[in-house]
Amino acid sequence: MSSVKISPLKDSEAFQSIKVGNNTLQTKIVYPPTTRFRALEDHTPSDLQLQYYGDRSTFQGTLLITEGTFVSPQASGYEGAPGIWTDKHAKAWKVITDKVHANGSFISTQLWFLGRVADPAVMKTRGLNPVSASATYESDAAKEAAESVSNPVRALTTQEIKDLVYKTYANAAQKAMDAGFDYIEFHAAHGFLLDQFLQPCTNQRTDEYGGSIENRARFVLELIDHLSTIVGADKIGIRISPWATYHNMKAHKDAVHPLTTFSYLVHELQQRADKGLGIAYISVVEPRVSGLDNVDKEDQAGDNEFIGKIWKGVLLKAGNYSYDAPTFTTLKEDIADKRTLVGFSRYFTSNPNLVWKLRDGIDLVPYDRNTFYSDNNYGYNTFSMAPEEVDKEIEIKRLALAIETL
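All values reported here derive from a predicted model rather than from experimental measurement. (Residues numbered from 1 in each chain as written. Predicted model: local features only at pLDDT ≥ 70, side-chain atom pairs only at ≥ 80, totals over all residues. Heavy atoms only, no water.)

Draft legend 1. Geometry of helix 8 (residues 218–231). With 14 residues, helix 8 extends 20 Å between its outermost C-alpha atoms, agreeing within 8% with the 20 Å of an ideal straight helix rising 1.5 Å per residue. Of all the residues in helix 8, the buried ones are F219, V220, L221, E222, L223, I224, H226, L227, S228 and V231. Two residues or fewer past helix 8, G232 is found with a positive phi of approximately 95 degrees. (Helix = DSSP H or I, 4+ residues; strand = E, 2+ residues; numbered from the N terminus. Expected span 1.5 Å × (residues − 1). Buried < 20%, exposed > 50% of the residue type's maximum accessible area, 1.4 Å probe, protein only.)

Next up, the structure:
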């Protein structure tokens, strides 16, 4: 990939301030959640992540949202992703949030629960099953993988769902506050647990959490309502992906159209806002992307215009905004309403000073997808170094260490 030519955005709406919850951002450019697997074995964030988030918060008043962060052992199933359920996790995250705040910026943590897509072999080593709304699999291969290690997906019981709301997520939210986060964000996108409850292709329950749209949205809304009493509604965000087919979510192929499901959810959030309990923002994945991949325009199933027609608060849109550089026509159109934030993820990885570059029109360094999910520093923090300073062999050998050892 070659560098990306861009035109400066310094005189655009992108660099006008906006209030999100009780905080005022100085730019509408946001770093959205970007999984990179550099945490320690016990899911404690590492020294590599301390540098990573610190380097991306240097433009004062920027909002960063962490990579997906597990809320419990049962929520996990990938190695190298961070957690936020123990005091040790919270203390390590506190060092990171302190660094971001010292730079004058803000940070949200994305609360993550894998559900049926958890690696069954990893879960078995921990004495746990992958769980979901129903005992379904994303593919025949996933079912075979689970059966090969005798660790099938099972449906959560009604009581377990209640415990997730009032114990598991509540604990994670409190730990996030202890860690100094400005916001928490529910990951209800891309076929992970909360999305598995929302969508009928994965939710085949017949109790109060399945069947009707109201029932399928009940888990998410109960989470928002209860955690609002712990952290405050103005510190809560949620991410949704109505059109994404990642992890074999059926989206528009379902008998119940995503417009119906997600219109109901957003309407319920707006009703709460009308009563003074509005959340800080709704983050929506644009149909230009689905999980890791870009989606050609002719293959996009729909658009997210319906969300902005229902929700009157702050929106965060993310999804390949660099495709029409250098002019960023789509970005400018989206932020013209003065309440929309725009997220860059892949180019924020390869350009730690991305916000400065977008402001001043400086070419963007291309990203290296091959290094996204490795366990070392090469292709992670090396983008903060001059190319001639990077010794690839040394950086590949630099693995995550505990923040406390610095």
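Draft legend 2. Just the pairing of strand 9 (residues 236–240), in detail. Burial analysis of strand 9 places 5 of its 5 residues in the buried class, the great majority of the element. What you see with strand 9 is no split at all: I236, I238 and I240 on one side and G237 and R239 on the other are buried throughout. With 5 bridges connecting them, strand 8 (residues 183–188) and strand 9 associate as parallel partners. The residue of strand 9 that forms the bridge with A188 is I240. Where strand 9 lies against strand 10 (residues 281–285), 4 bridges are found, and the strand directions are parallel. In the strand pairing of strand 10, R239 is matched with S283. (Pairing = 2+ DSSP bridges.)

Draft legend 3. Highlighting the packing of aromatic side chains. This model, assessed by the stated rule, comprises 21 aromatic pairs. One aromatic cluster is present, built from ring pairs that chain together F37, F70, Y78, W112, F192, Y347, Y367, F372 and Y373. Note that R36 overlies the ring of F372, its terminal NZ or CZ placed 3.8 Å from the centroid. Positioned over the ring face of Y52 is R56, at 3.6 Å from the centre of the ring. (Phe/Tyr/Trp six-rings, centres within 6.5 Å; stacked < 30°, edge-to-face > 60°. Lys NZ or Arg CZ within 6 Å of the ring centre and 35° of its normal.)

Draft legend 4. Here's a closer look at the nonpolar core. The biggest cluster of nonpolar side chains holds 96 residues, and the ones touching the most others in it are Y169, F186, F219, I238, I240 and F344. Counting residues per element, this core draws most heavily on helix 5 (residues 158–178), which supplies 8 residues. With sequence-adjacent residues up to four places away left out, F186 is seen in contact with L111, Y169, L194, L223, I224, L227, I236, G237, I238 and R239. Formed by 13 residues, the second largest nonpolar core is a distinct cluster that contains L25, V30, I65 and L316. (Core = buried A, V, L, I, M, F, W, Y, C linked by side-chain atoms within 4.5 Å. Contact = heavy atoms within 4.5 Å.)

Draft legend 5. Representation of the pattern of salt bridges. Taken as a whole and assessed by the stated rule, the structure comprises 18 salt bridges. K5 is the partner of D363 in a salt bridge, and the nearest nitrogen-oxygen pair spans 2.8 Å. With D363 in the loop between helix 13 (354–360) and helix 14 (392–397) and K5 in the segment before strand 1 (18–20), this pair connects stretches of sequence that are 358 residues apart. When its relative accessible area of 27% is taken as the criterion, D363 is described as partly exposed. Between K162 and E208 there is a salt bridge, with its nearest N and O atoms 3.4 Å apart. Linking K162 in helix 5 with E208 in the loop between helix 6 (193–198) and helix 7 (213–216), this pair joins segments that are 46 residues apart in sequence. Residue class for K162 comes out partly exposed when judged on its relative accessible area of 23%. The partly exposed category is assigned to E208, whose relative accessible area is 34%. In the salt-bridge network here, residues are joined through shared partners; they are E13, K28 and K338. (Salt bridge = Lys/Arg side-chain N within 4 Å of Asp/Glu carboxyl O.)

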